Structures are given as C-alpha cells and as structure tokens.
Amino acid sequence: MAENEEKAKAQNRCPDNSAFKQQRLPAWSPSLTAETVLPFFYLLGIACVLLGVLLQITMQNTQEIKVDYTNAESCDMCFETRKYKVNASRECHCSITFSLKERLEGDVFFYYGLVNFHQNLRRYMDSRDDAQLLGRIKKLKNPSVYCGPNFQYANGTPIAPCGAIANSMFNDSFALFFHPLVDRPLRVPLFRKGIAWYTDKNIKFHNPYVPNESLPQVFQATAKPLYWQKPVYELDPNDSTNNGFINEDLIVWMREAAFPNFKKLYGILDRQSSKMFEQGLPAGNYSVSISYNFPVQYFRGRKQVVLSTVSWFGGQNHFLPIAYLVTGCVTVLVAVVLTVVYIKFGKKGLKMED
Amino acid sequence: MFKEKPPPEEERKVRANDREYNEKFQYANNCIMTSKYNIITFLPVNLFEQFQEVANTYFLFLLILQLIPQISSLSWFTTIVPLVLVLSITAVKDATDDYFRHKSDNQVNNRQSQVLINGTLQNEKWMNVRVGDIIRLENNQFVAADLLLLSSSEPHGLCYIETAELDGETNMKVRQSLPVTSELGDPNSLAQFDGEVICEPPNNKLDRFCGTLYWRENKYGLSNQNMLLRGCVLRNTESCYGLVIFAGPDTKLMQNSGRTKFKRTSIDRLMNTLVLWIFGFLVCMGVILAIGNAVWEKEVGFLFQSYLPWDPPVDNFLFSAFLAFWSYVIILNTVVPISLYVSVEVIRLGHSYFINWDRRMFCQRRNTPAEARTTTLNEELGQVEYIFSDKTGTLTQNIMTFNKCSINGHAYGEVIDTLGAQPKRAQRLDFSFNPLADRDFCFYDQNLLDSVKLGEPAVHEFFRLLSLCHTVMSEEKSEGELMYKAQSPDEGALVTAARNFGFVFRSRTPSTVTVQELGRSVTYALLAILDFNNIRKRMSVIVRNPEGKIRLYCKGADTLLFERLHPCNHDLMNVTSDHLNEYAADGLRTLVLAYRDLSEQQWEDWAERRRSAERAADYREDRLAAAYEEIEQDMMLLGATAIEDKLQEGVPETIAILSLANIKIWVLTGDKQETAVNIGYSCKMLTDDMSEVFIINGHTVQRVREELRRARERMIESARSREGGKEGVMDWAACSLENGFGGQSGEQGGWHPQQEEKPQQGSPPAPALPSLLDSISGEYALVISGHSLAHALEADMEREFLDTACACKAVICCRVTPLQKALVVELVKKHKKAVTLAIGDGANDVSMIKTAHIGVGISGQEGIQAVLASDYSFSQFRFLQRLLLVHGRWSYLRMCRFLCYFFYKNFAFTMVHFWFGFFCGFSAQTVYDQYFITLYNIVYTSLPVLAMGIFDQDVPEQRSLEYPKLYEPGQLNLLFNKREFFICIAQGIYTSVVLFCVPYGVLSQATRNDGIPLADYQTFAVTVATSLVIVVSVQIALDTGYWTAINHFFVWGSLGAYFTILFAMHSNILFSIFPNQFHFFGSAQNTLIQPVVWLTIALATVVCIVPVLAFRFLKLDLKPQLSDTVRYTQLVRQKKRKPGGRGGRGAHGGVAGLGGGALGRLGRAGSRRSGYAFAHQEGFGELITSGKNMRLSSLALATFASRHSASWIDTLRKKKQQPPQPGGEGSPASSYTAPLSTSSSMLGPPDTQAEETGNTPLGLAPSGSSSAVTPTPVRSPGGESTGGWVVSLGAVQVTPTASAPVSGLTSRISFHV
C-alpha cells in the first residue's frame, strides 16, 4: 500500500498537462497589420469628422449671451461701494442692459458667472461639513473640524452652514427685465428652483429636523456665516420651502467649480407663465437689475450674467466639435501617411526572406 | 535559542563516548537550521526586514506625512491600504518560503543514523547526534557529520567514499582509519574507546584536517585521510564506525555552504535606478509646484484671503509653499507606485511556476521536474550572454561505453552508421553464451562476435590486452556476479567490453591476473605495471602467460603509441589511423592498443635497469620514465578502441541553438585537456571548420602571456587579411589597453548577427579593435588549462585573457579548480556587463553557480549540493535551451512590457495633478476622488497588467526555438532600458496632458442639457478618472499580445470593477452613513448619463491612442523586429492554413538537425584527438601491486579459517598497517615489484617495522615485501605472495616459510573458483 502510494507520489512529480500550466491556453493574438490598422484609422478619422460636423451643426442652434457687470454701467458705483468693508451692510442696486439680436429659442438658462474665483483650492474645498448639510442635528451644533477654525464657530456659537464655501456664497440677486419696444418693461419669469442636481436637492442636502420645531427654531442655537446678511433659514424670502440647507442657491454654490472661471445656474426661464416667453426670449432689449452684494475686487475677479440655450447635448460649447473635427482630420491624414509608408516600405518589411 | 555565543573556538577537544565531557564545550549539535523565522519571531523580524527596503520605508514616511493635517492632501488610507497589502503579500511569500526551509531542514535532521550508546547501537535522528558520539554507517549511506573514521568492515580500516556532493569528483576516494582504532570492529570494543581528539576548530577547508588522537597514553597524528565528511556517501564498504568531530553547522559541508548571496537582476538594478530618478522627478515636480504655490499665494491667494485665510501656522507665502511641497509629494507619490515591487514579485513568481510546471523540462527517467528555486531572477534568463558549463555530469553523463573498435585493420561497431538513420537499430548482440557477461553492455556489430567465435588471433589478442592491461579491481560477491571497481569509467568500459566478448577479467593478486578466456581460466603472472601518468599518456603491463612467454601489453594515446611501433606496422597503422580519424570525428575517445613480445633475457635486463632507476636517489621519476620508454618500443599494433563519453541527451543540438542565439558557451571542467577538448568536439562546440584552436598551456606568467598574445595576433592577422589589409592595425599592446571593456558602447554596438557569419566585404568605416575582434569571432576556440588560467587570472593579465577569450567562439578551461571556475565567471561578470549563467551538477560547481548571475544545477544526480546552491535546477542539460529561449525570453519580454506599461499608467495617472495644479492655485488639490486614488493602482489597473506580465507571449514557444535570434533583444537589453523608460514616461505625460486638457476644454464651458453647468469639480473628477481608466485599458489591450480568457476577464473585469465601485462609492447608502467620507455622492450617476461626458471620454481616448497606434504601425513597417516578422509570418501561415509549411526555417533557424554527424564527418582530416581514457590521477597501480586493497573474500577467509588457525590471521592483521599511498608516488613504487621479485636479495628490509606514526618510506616497505613474495605463481606456486593476498604486503614480518603454504592455497582458491 505504502509503496503504491509512494509510487503514485513519485509519478505525480510530472507536472499536469493542462493548457494553463503548459502556457498553451487558447488565445487570441492580435497583431497590427495593414489590413486592420489602416481601415481602422480611416474609419476612425471619418467618424470623428462626421461627429464633429454633427456637433458643430447642433452647436449652431444654441446661443449664449455673456454680460460682464462687475463695474459696467450703473454697477460701477456699487463696485466702488463694495471695495470697502465698512460698506458691507449697505445695500446697493444697479442694473445693466443688453439686447438680443435674435430670439433665444427654447429653454433659456440664466447664469451668473465668476472669473478668478477659486472654488477649487484644497483648503477651500475641504472646508465644509456634508454631515451638517445632510441635516444631522449633532453636526449642526458641532460642525466638523474640516470647516476650519474661522468658519466653524463665531464667538462660540456653531456656524450653520459652516465652512469657507458656505461663507463665501455668492449673494447677488438678479431680476431680468424685457423691454419691449412699445410696452413698459416686463419682468422675465424665472424658475429659481430645479437649478441643482436632483440628488443634491433631494438626498445630499436636508434641513435638520426636530419634531415640532420650525426651521428658525432648529437653527436657533447657530450663527449665520460671517459674510452672510441673512441667516440660512431666510435665504429665500419668497418660498418658504426653499430655505435652510435645501435652498437651491446654496446647493448650487456648494457644488464647487473645478476651475477659477465658472458660471452657475441662477434660474430657468418660465415659459409657461407668459405667452411672450413661450418660445424663449424674444429679440429685443433687456435689463438686469442687480442687488450688488458680492465683492470681487479683492481678488481681481469679475462677475457676469450669462443667458444660454441648450441642445440635446447641452449648452454652447465650441471646443468639442472643433476638437472632433481636428482629431478626425489629423487621423485621416495619419492614415494617409501610414498607407504611403506601408506601400513603400511595409510590404517588404514584414515578409520573411524565404 | 538565545544562548550566549561561546567565544570562537581555538581548538576542539572531543572525547569519544563521553557526552558529559563534550557538553562542557557547547559544541553545535547535528541539527541544521537554514530557516530564518519561527512563529514568534516572524512578524517583528519580517517587518524589520521589509522596512529595510527603501520603497517600504518611503511609504511609511509618506504615511506619517499624511497624518499632519496642514500637509495632508490625501486621506491616510490612500497610502496605508496599498502598504498593508504589499507588506502582507510579501510576508505571506516569506512565510511560505521559510516553511519549506523548515520542512527540508526537518527532513534532513530526521534522517536516521545508528549511534553507539552505552555499548549498543541505537537508531537516532541526525539532529540528535552529538559531538563525541560513535556512529555506524552502512554502504551507500550519507555521512551524517564530520567523522573520524575509527574502523571499517574492510581490511586495514579502509573505506571508500564518494565525495560528489562535496567537491564534485565522482571517482571514489579511499579513507583509512588509524591502525590502532581499526581493530575496534565490534560495538563492544568501540564502546570502551575513550580516545580524545584535539583538533583544529571548524573551518571550511575540505582537503585539510589536522588533529591528534590521544589514546592509551599515545599520540596519533590525524589527517584528512582519516576523516569522513558530512555529505559524502559510503561506497563499496559494508559498514564503518566513526567518531563525530564536527556536527551540524560546524561541518565542513555547512561551513562551505555559506549564506547565499542575494542575487538581483539587471532589471532590478535598473528599476532601482529609475525609481531613484523618479524620486528626483517627484521632488522636481514638488519644487515647481511649490514655487508656483509661493507665487500664487503672493499674487492671488493673498487677495483671496478674505474668503480663505491661511491656516494658523502659515503666516507667509513661503511657509505655505513649503507645506505645498510636502502636500504635492504626497499627491504625486503615485509615480513611484508602491505596488510596483510587489507586482514584479508576483509576475516572477508566476513565471517560476510556469518553469516548475513545464512538462518539456520534466525528465521522465529521473522523474524530476525543472525547478525555479529562486523566484526573482526569471527575466534575467532572457538576457544571458555567457554560459559557463561544467562538463562531467552536465554535458556528459559520465558513462563510458565501448562503442567501436578497429582490430587489425578491420573496423567494428559501425552498424548503426551503415544503416543510416535508425528506423531499425541493429539488434543488440546476444551475449548469452557467456555466463559472466555484463547484461547492461550493448554492442551491435555481429561481426565482432563472429570474429571472436571464429578465433581470429588478432581479435583474441585485442581483448586479451583489454582484460589484462588495466588497474581495475574485481569483486565477485557470488559465483559469476562480477563487479568491477574501476578508478575511471573508461577503463571500466574497456574491461567490461572484453568481459562480454569472452575475455573475462576475473580476479587479480598483486602478482597475477586471472582471466577467463572463452570459458577457460588462465592466470597470467603480472610482472610489472608501467602505470599511466600525464606525460606518458599510456600504460603497459608486462605479463607472463601460462606458457611462460613474456609479453608487454600497452594501451595509450595514438600519437605516442604510433611512434613506438615496429616499422612493419606501417600499413596497418595507416588503416587504423583512418579509423581513428573517423572515431575522433564522432567525438569518441580513442586508445591504441599494442603489444610486444619480450624474451626472458630482455625482461631480465630491463628489470635490472628499472630497479637501478628505482633506487636512484635523484631524478628517480625521470629515470623511471626513461626505463619505461626503453621497453615500450617496437610494439606491434593490435588495433584501437573508441569509447563514447556519453553526452547527455541533446547536448550538441542545445549548444548549437544556444550559440545561434548569440550565447557564448564556456566549458569549465576539472577534466584533463584531452577529455575536455574531446567533449568540445563531440558536442560541436569545437568543429573542424574552425580556423584554429588555441591551446594555452604555459606554466609561467611569461609563457601564458606569450601564448595569449600569439593567439590574438593570429586572429587579428587573419581578420586583417580578410579586410584586405586596409587599415593598419595598431600594435596589440596598445589595443589591449583600449579595446578593453571600459567602452561598453563599442561592445554592444559591435555585436551584430551578420558580422559573425562573414566578415563584411565593405569594411566598416572605422573599426575599433573590439569590433575587429568581434568580427573574427566564430572562427576560433581557446583551450586553457588550469595552471595557465591561474596566471591568466592575475590582475595584470585578466583583461588580455578576457579579450582573447571573448574573441573566440568557444572557450574551454580544463583542469580548473572550483575556485578558478568562480574566478572566471567573476571576471566576465566584472568586465563584460553581460549576464552570465553557470550550470553544473557537482559541488565543485557550487562556487561558480553562486557567483554567476544565474546558477543552474543539474538535479536528479546523487549530489545535490549544486542544486541547493542553484537558482534553477533540472535534470538535463538540454532543458537549458527551453529555460533560456522560451521561459527566459518570455519572462524578459513580459517583464519589460509590464514595466513599460506600469510606469506609463502611473505617470498618466499622476501627472494630471500637476496640470491641475496650475488651475487650483497650486493648493495640492487632487483631481480625483480619494478612493479612486487608493484603488487605481491596486484594483482598477493592476490585474490586466499582471495578466499580461504573466501570460503574454509574442510568438509561440516553438518559434523561439526555431529562431534563436529572437533571443537577441534580451541580451542587448532592448526592450526595457533608460531610453524605453523615457519613452514610456513621455507617453504617460502626453496621456496626462490629454486627459487633463480635453475634459478641461470641454467641461469648463459645457452645460448639461438641463442647463446645469458641467464644470463642477466632481463631474470633472469623474470624467477624468473614467477617461483615464478607459485609456489605460485600451493601452493594455494594445500591449497585450496574447489574449487568453484570463486577460479578457481581467481587462473587462477591471473596467467593470471600476464602474461598479464608482457607483458604489457614489451611492446613497455609503453617503448616508459617512457623509463626510463619501461626499462624491451622486456624481457618477449625474455625470455618466451626460452625452457630453462620453463624447469627452471618447475624444480623450482617441487622442491618446491614435499616436501610439500610428507609431507602432510605423515602427512595424520601417523597423520591424524579428519577433514582429515571426508573428506576421505566423499570421499569414494561419490564414493560408498550411500547417506543414515552415517558411522561414531555413533563413533563421536551421539548427542542429542538419548539422549532426554526417556533416561533421566530412573533411575532418588531421583533427584526430586521442581521448586518453584513463583516470585523472595515476592509477590504482600501486595499490594493486602492494595488494593493500585486496579484499579478503569471505570464501577465502572461510578456507583459511578451516585450515589455519585464526590467530595466524590475527597476527597478520595486527602487523599489517601502512596507510595507503596517497596518489603521487605510486607508479614507481608499484612498478618495481616485478624486478625485485627475481632477486631475492631485497628480502624484507627490517626497518619497515610498522611505526605508529606511519612515516615509513612507503615506496620501500610494500615493494620490499612484495619483492619477497612475488615470484610468478605459476612457475613457483609456492610463491610467498600470500601475505599480500590476505592482508597487506606491508606485512613485512611475515616470514616466507609461514606464508608459503598459504600462498599455494590462496592461489588455488583464486585461480580455480
């Protein structure tokens, strides 16, 4: 018995004849050949060009109007006012005008834009407490250390919402007016809700909830951020459901921009409410009246108002179609070069001299 | 375990059978421990070792950095998760390794040995054997410790050992116990033995031992001759007893093994350099970004302070920059991926398993698979340029077979060849007519047997010579069961051949040889043995046949023998010479046989002359040689034998393929020059097509230098003449200085495959000498012997030697010591920057195996020392081609591809942070989610590249063997070097630029189709990360050349895993539990439903991949590699479905098959080599004539016992003792027995009374006695030879009268059995 076992053991020393162990697994070994590479290049190039053309055409149906109001027109005065911190609490209103040569068709989006504002600094981005914004009572009173020493407590009271991001929230407000040639100016209706990600609005941001307490009561023990004029539960005086952490302007602001120049959605044209704007914004003169609060001169920033329409793949974007067109053309060009090289050299190159 | 270390021993005192006494000294016991850890020490020791690795410490440092909040730009877990993973994988591997070491230690430690305890033999485990114990060994057992031989079952306390494991020599060696102790034959008397040995402390000198035995008030000197060392195997000795002197780690074997040097591959070293460079790069990036941060903070950040004031400790922009530097070091650390080292190890481990699993490297006969004992060297196997091979046991099997012979002008044994190919190998001859035939003997030529049976006198004389002229000893355990003990296998083969053809050498006494000639027992009187030595290259015996005729039989090298033939042999000599040429062409070792009839007068005269030569005080050896010379004249040629030193299977083919792969093979052997050269020819390392074979054989420095110089001059000269004498070749002395190997560039550049075929017609513009030397390679061979090598390896000559040797295609170093082997390897390693591989089977190869970059041991033999020291082991030399050309090549390829890709993907990944730095105020904000950073290297991209690194194949295995040139990129280090590295880095950086710019360009302005801008950070992060994963996946798909199901699984799986994990990390559930940890919540679903995002990803991918693809295609067209060509051909072939058509074979492959014997046999004139088929040392001649080794066969003993008092034998036994002659002076001593026998004047010199010191002039004592007793037995049966017969001729005391009757008896016994 033992001997047999030993024998079997001895025989076992021969490795298994499995495809895996013998490195003979069935495999596909593709290699670059002219038959595969050249058509691929041509096809790819052509596809890119076509896509580029398609995008370009789509793009032409979208429009974008950008108006810098930092110190334009009457806002110059406000710009000067905001230069000094002592004036921080002084209200300042101004307005700018612009005209649309063509109608902005379809949905029109109203953005505010900031230039040279760094929402993407590491310490800035860290300086928030998502748990607090999620409505955790504990965190409301006891915000995360990530908010940073200045934005966590003001004189010992916890700040809600804490952190540098919230503190620096953009607080200009806008009213867009249409100036028909014949009529008096008409306020363009804007949806001020539905401007944030659905997930942000509904899941990521919640107001702290304490049974039988109203929102101000819940926030009672907290302070508003340093630079804010109004506490968080009074952000939207017009819509009580848009207050607290679920205020959409706050949510929009809290979604940090990746680059120093960015725009954020402020409102969407309400096409239903008025016949005039059913098709979008008609051509003509417009004015934006601004409650000018946000100081940008400290960091040499600019403020803009942006109006734009979208297509199936989004707003106006010149980069993408051009990039596709260029890539496609280059690819086709490369393909041609490769073909030439292949015909001149490659055909011989790979042949075995047999 | 933690005993105090005793101070270093100065001398060792051991008392036999006295454990208490010996324990005082705390000698090491016989337990060996090669393992590193035990369960308790494992964790701390292993961690300590691991943190000695720079990389690991670096990551630990990073981890500490990350714990500083001001710096921490990443969460701590991004570093700790990979670090822990890496540490634990390594720890598991170390633990497994150590487990196996424990196991093998246990196995050795638990071997059984018989220890004498309290007067009885008890079985004990090896590890329980203590210093001072007496243990009993049996035949074929391994010696358990270093023993002092006390007694043995053989007469005179002799015992035979094989030291293959120690020094690699396979011939047997004799050890002898001290006379005083050799009588202690039984356990009881041994138990009483209380001698004390005082000797040197443990050391590693194998050939030296010095000590003294104090016993019964006497002192006895001990030498190596009395020692049995651990690792030896007892042979031909029933049993013996030994006293343990050194045990376990103190044994010479263990002292010699030393700690294995940790070998690193060149890729390893390159990788370390590159990692350092990358560190440098990292620091540069950090500095750039820190400067950027300083500038930014000063210009912009300062203004932005109202929104984001500096953190408390920071009070100015410089401090902020300082912190930014460290923050960026943390972020960018992924350019030095922590998983690099562990991935490399995993890949190597995989390759090692493939080697272990390879059935084509499994030897059925020995039942041994190949084994990768070191798992860290695999890719180096693909870069080997020099192979240093041992001969015996590696190239050859050390089996000699009598293959062919030429008798009286007739050639026999050619059957196989005349039949051509071997569909029907001729029938093995049937030797059943001969009851004494050796069953293992094969011969195929019926004609020879017929000639024997027909009684052709020449044939009979031929075999008679073979049965008489040798120093083989026979042993006949039972009737008809003959065993030959030959000192060299050649002799054994010859005597065995004679035996099977009916001339059976049966037994010998010091003065007779008994041969069974075709069934008839004939006893010849052995008058003299003119033993072999290196200069004579022949041996003769002078015998008197029963009819009284005296005849000298001689066998030896043809060159020497042909000179000494009688002129009438001229015609026969020519015919035989032709045959010899043929044999030589087949690589057979040849011997010429001749005889000479001597008249009684001639004999007497000559015997007298020899005796006087023997007595001469000065120049004795020369005089003796002259005397020998005198009688070996006018001989009659009988014929020639051809012995095949059986090569291992497939050796010539392997060597042919390897040299086609540009691997240079050097044979380093302890063998004689002739043998080595012969093997060189038979394994086709040397061919007759070679322009010249230089033999360096000088004994002095000057001479060696001279010979080397001449060799070079010859080479240069012929190269110059072929170059048309165009350039004035500089004076060599000058060249040898500058053509040296400092200039590596010339070295590498010059080595082009075309050059070796034919020196080019249009000579290169300015051929530096190295290239000149390279261009002539392939035509020359160098043979250098050990004593010349000693000079050649001296510091001032080594370069010269290396120059010359490297210009030759084949180099054979013969008679080299193990140390020299290592030195030669070291030399090449030092100056050539080439990867060296040493292959050997014996312990004498250990040093070379350890020195070379890669050591290969031939396993399955008895000795395992080489295997233990080796990095790879298998049992057949021919597996080397598969190991190198298939496994090595693949490993190298895979490793290079792996590294290229690995660096690429990490640069592509990490550098995006750098570009982003310019947009985020150099604030060390990462581009990606921290979980992505954590998992990128260990989950998202690790497995596909591992799969490629483990499974990839560019061409199928059989192509690698078909086109050995495919091996070249590895030698030239083309696939991964600094240039390739920079290309990878550049590609990585390019990719990172694209990955940053394309999303930036698109997203910064884009909005979703519901108007919400896409330029938020999280969308950007997800887009870039997704593009990155897709781009690197496409890239790995492009790099993978061999898509197995596993590759598919891993590539697609990684992509799948990425998206799965992405969605999981951004999911509701995790966010609601840890809102601050998973604040990317919702990004994935919001981002990845946007068509713009996908268009961006697609664009980035296209922009990244198109240039790569275009470059690859261009390279394929303009500069195709051989592997591309092969691959392409393969593809075409597959398409054409022509399985048989092996198109390119002729072009590149065409290896050994066509070469073979047929080609080699043509035009081989003048290259005859006489393999001198004798032992390395002078023969057993002296032992034979002294009779010491003669075994008292049980049969004889019984007869004695019955007829004579046992006491007589005892007295004889007590009186015997002369330690056997150690090699050197054997021949004179032995050969002067015969002449003396005629003159009884010399009878019994009384001064030979055995002194205990054993310092008697040895030449005299035995011969004196034999002289007293060796008249030829036939003529005077009363010959007193019996003393020698029974015990030893050293027994001078035996009076002739006493021994006379015995001798008659014994001769009868032995002659008529």
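Residues numbered from 1 in each chain as written. Chains lettered and ligands numbered in written order. Predicted model: local features only at pLDDT ≥ 70, side-chain atom pairs only at ≥ 80, totals over all residues. Heavy atoms only, no water.

Participant: Any chance you could break down the interface of chain B and chain A for me, citing the residues and the numbers?
Facilitator: With 113 residues of chain B at the contact, the number on the chain A side is 102 residues. Between chain B and chain A, a total of about 9200 Å² is buried, with carbon and sulfur atoms accounting for 64% of that surface. Viewed at the interface, chain A and chain B are joined by two salt bridges. Between Glu957(B) and Arg24(A) there is a salt bridge, with its nearest N and O atoms 3.6 Å apart. Counting the contacts that link chain B with chain A gives 32 residue pairs in polar contact (both at pLDDT 80 or more). With 16 residues, the top contributor of residues to the side of chain B that touches chain A is helix H42 (residues 1091-1118) of chain B. (Contact = heavy atoms within 4.5 Å. Buried area = accessible area lost by both parts, 1.4 Å probe. Salt bridge = Lys/Arg side-chain N within 4 Å of Asp/Glu carboxyl O. Polar contact = N/O pair within 3.5 Å; in protein donor to acceptor, adjacent residues only side chain to side chain. Helix = DSSP H or I, 4+ residues; strand = E, 2+ residues; numbered from the N terminus.)

Participant: So what about the domain arrangement of chain A? Which residues, and what values?
Facilitator: Split by domain assignment, chain A resolves into domain 1 (33-62 + 317-354) and domain 2 (65-310). A C-alpha centroid distance of 45 Å is found between domain 1 of chain A and domain 2 of chain A. (Domains from an automatic or database assignment.)

Participant: Which residues make up the packing of helix H11 (residues 339-357) of chain B against helix H34 (residues 942-951) of chain B, and what are the values?
Facilitator: All names here are of chain B. Where H11 meets H34, the axes come as close as 9 Å, and the angle between the chain directions of the two elements is 35°. By crossing handedness, the relation of H11 to H34 is classed as right-handed. Along its contact with H11, which presents Ser343, Val346, Ile347, His351 and Phe354, the element H34 presents Leu946, Gly949, Ile950 and Phe951. Classifying every residue of the contact of H11 with H34 gives six nonpolar, three polar and no charged. (Axes fitted to C-alpha atoms, helices over the stretch in contact; angles between N-to-C directions. Left-handed = near helix turned anticlockwise from the far one by under 90°. Nonpolar A, V, L, I, M, F, W, Y, C, P; charged D, E, K, R; others polar.)

Participant: Let's hear about unusual backbone geometry: which residues, and what values?
Facilitator: Backbone torsion omega between Ala160(A) and Pro161(A) reads -10°, so that peptide bond is classified as cis. Positionally, Pro161(A) belongs in the loop between strand S6 (157-158) and helix H7 (164-167). A positive phi angle, close to 70°, is found at Asn116(A), a residue other than glycine. One non-glycine residue, Lys684(B), lies in the positive phi region at around 65°. Examined against the element boundaries, Lys684(B) turns out to sit in the loop between helix H21 (673-682) and strand S28 (692-696).

Participant: Please set out empty space enclosed by the protein residue by residue, giving values where relevant.
Facilitator: Think of a ball as big as a water molecule: rolled over the atoms, this probe shows where empty space is left. Taken as a whole, this structure holds 17 cavities of 30 Å³ or more when the rule is applied. Within this model, the largest cavity holds a volume of roughly 190 Å³. For the largest cavity, the lining is made up of 17 residues, of which Arg122(A), Arg123(A), Asn293(B), Glu297(B) and Ser320(B) are closest to its centre. Considering each element in turn, the lining of the largest cavity owes the most residues, four residues, to helix H10 (residues 317-332) of chain B. Among the residues making up the lining of the largest cavity, the classes are represented as eight nonpolar, five polar and four charged. Computed from the structure, the second largest cavity encloses a volume of approximately 150 Å³. Looking at the second largest cavity, it is lined by 16 residues, and the ones nearest its centre are Val252(A), Arg255(A), Lys264(A), Ile1012(B) and Pro1013(B). Elements that contribute at least two residues to the lining of the second largest cavity include exactly helix H10 (248-254) and strand S10 (262-269) of chain A. (1 Å grid on protein atoms, 1.4 Å probe; cavity = no way out; pocket = protein on both sides within 12 Å on 5 of 7 lines; lining within 4 Å. Points joined across faces, edges and corners; volume = space filled by probe spheres on them.)

Participant: Explain the packing of aromatic side chains to me, using residue names and the numbers behind them.
Facilitator: Here a ring pair, both rings aromatic, is described through the centre-centre distance and the interplanar angle of the planes. Taken as a whole and assessed by the stated rule, the structure comprises 110 aromatic pairs over all chains. Where Phe299(A) meets Tyr307(B), the ring centres are 5.6 Å apart and the plane angle is 70°; that geometry is what we call edge-to-face. Taken as a pair, Phe299(A) in the loop between strand S12 (284-291) and strand S13 (302-311) and Tyr307(B) in the loop between helix H9 (266-301) and H10 lie in two separate chains rather than in one. Per residue, the accessibility class of Phe299(A) equals that of Tyr307(B), and both read buried. Taking the ring centre of Tyr111(A) as reference, the NZ or CZ of Lys263(A) above it sits at 4.9 Å. Here Arg499(B) stacks its cationic end above the ring of Tyr484(B), 5.2 Å away from the centre of that ring. (Phe/Tyr/Trp six-rings, centres within 6.5 Å; stacked < 30°, edge-to-face > 60°. Buried < 20%, exposed > 50% of the residue type's maximum accessible area, 1.4 Å probe, protein only. Lys NZ or Arg CZ within 6 Å of the ring centre and 35° of its normal.)

Participant: Can you break down the UniProt feature "active site" (unreviewed entry) in chain B residue by residue, with the values?
Facilitator: Residues and elements named next belong to chain B. According to UniProt, the "active site" (unreviewed entry) feature falls on Asp390. Relative to the assigned elements, aspartate 390 resides in the loop between strand S15 (384-389) and strand S16 (396-407). In contact with aspartate 390, other than residues within four places in its own chain, are Leu395, Leu668, Thr669, Lys821, Ile839, Gly840, Asp841, Asp845 and Met848. A distance of 3.4 Å separates polar atoms of two side chains, one belonging to aspartate 390 and the other to threonine 394. (UniProt positions renumbered as here; feature names shortened; annotations may be inferred.)

Participant: Account for the state of the cysteines, with residues named and values stated.
Facilitator: Using the criterion set out here, one finds three disulfides over all chains in the structure. Disulfide partner of Cys75(A): Cys94(A), at an S-S distance of 2.0 Å. The chirality of the disulfide connecting Cys75(A) with Cys94(A) is right-handed, given an S-S dihedral of about 80°. Taken together, the residues Cys75(A) in helix H3 (residues 75-82) and Cys94(A) in strand S2 (residues 93-100) connect sequence positions 19 residues apart. For Cys94(A), a relative accessible area of 6% translates into the label buried. What pairs with Cys78(A) in a disulfide is Cys92(A), and their sulfur atoms sit 1.8 Å apart. Sign of the S-S torsion, about -90° for the bond between Cys78(A) and Cys92(A), identifies this disulfide as left-handed. Taken together, the positions of Cys78(A) in helix H3 and Cys92(A) in the loop between H3 and S2 put the pair 14 residues apart, joining distant regions of the chain. In this structure Cys78(A) comes out as buried when scored by relative accessible area, which is 0%. Cysteine pairing for chain A (bonded cysteines numbered in sequence order): 1-4, 2-3, 5-6. The closest cysteine sulfur to the non-disulfide-bonded Cys210(B) is located on Cys199(B), 8.2 Å from its own sulfur. (Disulfide = S-S within 2.5 Å.)

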